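So the chains spell out like this:
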Amino acid sequence: MRPDAPDTTALRHTPTGLLLALTSALAFGTSGTLARGLMDAGWSPGAAFAVRVTLAAAVLLVPGLLAVRGRSRLLLTHARTIVVYGLSAVVCAQLFYFMAVQRLDVGIALLIEYTAPVAVVLWMWFAHGQRPGRFTLVGALVAAVGLVLLLDVLGGTQIDLVGVALALIAMTGAATYFVMSADQSSGLPPLTLAAGGLVVASVSFWTVAALGIVPFTMTTDPVVFSTGSVPWWLPVALLGFVAAALAYVTGIAAARHLGGRLASFVALTEVAAGLAFAWVLLDQAPGPWQCFGAALVVAGIVVVKLGERDVTSLGSDESLLVEPLPAQQPPRRG
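About the thresholds
- Residues numbered from 1 in each chain as written.
- Predicted model: local features only at pLDDT ≥ 70, side-chain atom pairs only at ≥ 80, totals over all residues.
- Heavy atoms only, no water.
- Helix = DSSP H or I, 4+ residues; strand = E, 2+ residues; numbered from the N terminus.
- Buried < 20%, exposed > 50% of the residue type's maximum accessible area, 1.4 Å probe, protein only.
- Contact = heavy atoms within 4.5 Å.
- Areas by Shrake-Rupley, 256 points an atom, 1.4 Å probe, with all protein chains shown as cover.
- Core = buried A, V, L, I, M, F, W, Y, C linked by side-chain atoms within 4.5 Å.
- Phe/Tyr/Trp six-rings, centres within 6.5 Å; stacked < 30°, edge-to-face > 60°.
- Expected span 1.5 Å × (residues − 1).
- Patch = residues over 30% accessible without salt bridge, like charges linked within 9 Å, V, L, I, M, F, W, Y side chains within 5 Å.
- Salt bridge = Lys/Arg side-chain N within 4 Å of Asp/Glu carboxyl O.
- pLDDT = per-residue confidence, 0-100.
- Polar contact = N/O pair within 3.5 Å; in protein donor to acceptor, adjacent residues only side chain to side chain.

## Some thoughts on the overall build of the chain
Move 1: Scanning the chain for helices and strands turns up 14 helices and two strands.
Move 2: For the chain, the proportion of its 334 residues judged to be buried stands at 51%.
Move 3: If you take every contact in the chain between residues at least 6 apart in sequence, the share linking residues at least 24 apart comes to 87%.
Move 4: Looking at the chain as shown, the accessible area adds up to about 14,800 Å², and 69% of this sits on carbon and sulfur atoms.

Structure below.
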């Protein structure tokens, strides 16, 4: 096999993939609560994001390089993939999510971000002519109604439009994460893709922060959760090692085992994990109608995912939404 040839030896194994996906979802689910705790202690969203990706990049850099030992040309051949992954699936998804969490409850911001499957389907419809079937349209409508209830629009609650907009930007990054994580055509090992993306995100953010474009504030004050206070370094370490390094590696590996469609289904458990962590550690208990709205959002996303295959026009980008093409055709998306 050529040094830069895709590694096609990894076989999909559903039990392993499910375990990896659940681990990733639980790890990702801690990020919003940990970041909100730091921000309540005086940290800026940018600082929380920076320490998270920098620690994770430092942890994964050497293992990521070792994973392509003897195939180092992959890094040059697929440098664009790594850069896009770092800027979209890491910076866009996580930095803007942290900024949204500063203005919204963790659960609300997370649920808005997880409408990504609906956004992907709508984009494929308007941009590529892949008109969704009735299942998909019904799911999108159910998710939209759920968002209205979740944001308590009918209850007269003042909506933080900036926070909602930030969560929607994070949603586009989440969509990119699922699509790119499932793509095996590059041959980049999960460790290498995660490490490369985190390094790109870290370098790009620190560059922007050094120019003073993004506010950057850190403190050493204790971080107070509803269960008690902890030293500042504990949530920082958990953000870097658990909510980033562990979460990204297991998430990419899960998508390789399960495919993007099933992996994104299982990843919905991150919503439940995020809500539970926020409830226990931040005392952010949603109201009855908000709980019902959250359930509708998740149900709508599930229905959308079930209807993804039901498209009436198949374009060149169909593989963004479905399982890989048969082996005799060039693989385009995982």
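## What about the nonpolar core?
Move 1: Membership of the largest hydrophobic core comes to 74 residues, with the highest contact counts inside it found for F49, Y85, V90, Y97, Y114, L198 and Y248.
Move 2: In this structure F49 touches V90, V91, Q94, L95, F98, A201 and F205, once residues within four positions along its chain are discounted.
Move 3: Counting residues in each nonpolar core, the second largest holds six residues, with A254, L258, A263 and V266 among its members.

## Focus on the packing of aromatic side chains
Move 1: If you walk through the whole model with that rule in mind, you get eight aromatic pairs.
Move 2: Plain terms: the ring middles of F205 and F216 are 6.4 Å apart, the flat faces sit at 45 degrees to each other, and that makes the pair tilted. Of this pair, F205 sits in helix α10 (residues 190-210) while F216 sits in the loop between α10 and β1 (223-225), and the two are eleven residues apart along the sequence.
Move 3: F205 sits in the buried class, given a relative accessible area of 5%.
Move 4: By way of ring pairs, the aromatic residues F49, F205, W206 and F216 are connected into one cluster.

## Some thoughts on helix α13 (residues 269-282)
Move 1: The end-to-end C-alpha distance of α13, which contains 14 residues, comes to 19 Å, matching closely the 20 Å that a straight helix rising 1.5 Å per residue would cover.
Move 2: Positive backbone phi, approximately 60 degrees, marks D283, located one or two places after α13.

## Focus on the environment of G37
Move 1: Among the structural elements, G37 can be located in helix α2 (residues 31-40).
Move 2: Separated by 245 residues in sequence, G37 and L282 place their C-alpha atoms 7.7 Å apart.

## Some words on a nonpolar patch on the surface
Move 1: On the surface, a nonpolar cluster with roughly 360 Å² of combined accessible area is contributed by L61, V62, L65 and L66.
Move 2: Checked against the element boundaries, L61 lands in helix α3 (residues 45-66).
Move 3: The exposure class of L61 is partly exposed, given its relative accessible area of 39%.

## Let's talk about the confidence of the model for the chain
Move 1: Here the chain shows a mean pLDDT of 79. Residues at 70 or above account for 82%.
Move 2: Taken as a whole, residues 1-11 scores under 50 in pLDDT and shows 16 contacts with residues more than four places along the chain or in a different chain.
Move 3: When the criterion is pLDDT under 50, residues 311-334 qualifies, and its contacts beyond four places in sequence or with other chains add up to 46 contacts.

## Quick look at the side chain of T250
Move 1: Tracing the backbone through its elements, the reader meets T250 in helix α11 (residues 233-258).
Move 2: Of note is the side chain of T250, whose polar atom sits 3.3 Å from the backbone oxygen of A247.
Move 3: For T250, the contacting residues outside a window of four places in its chain are L20, T23 and S24.

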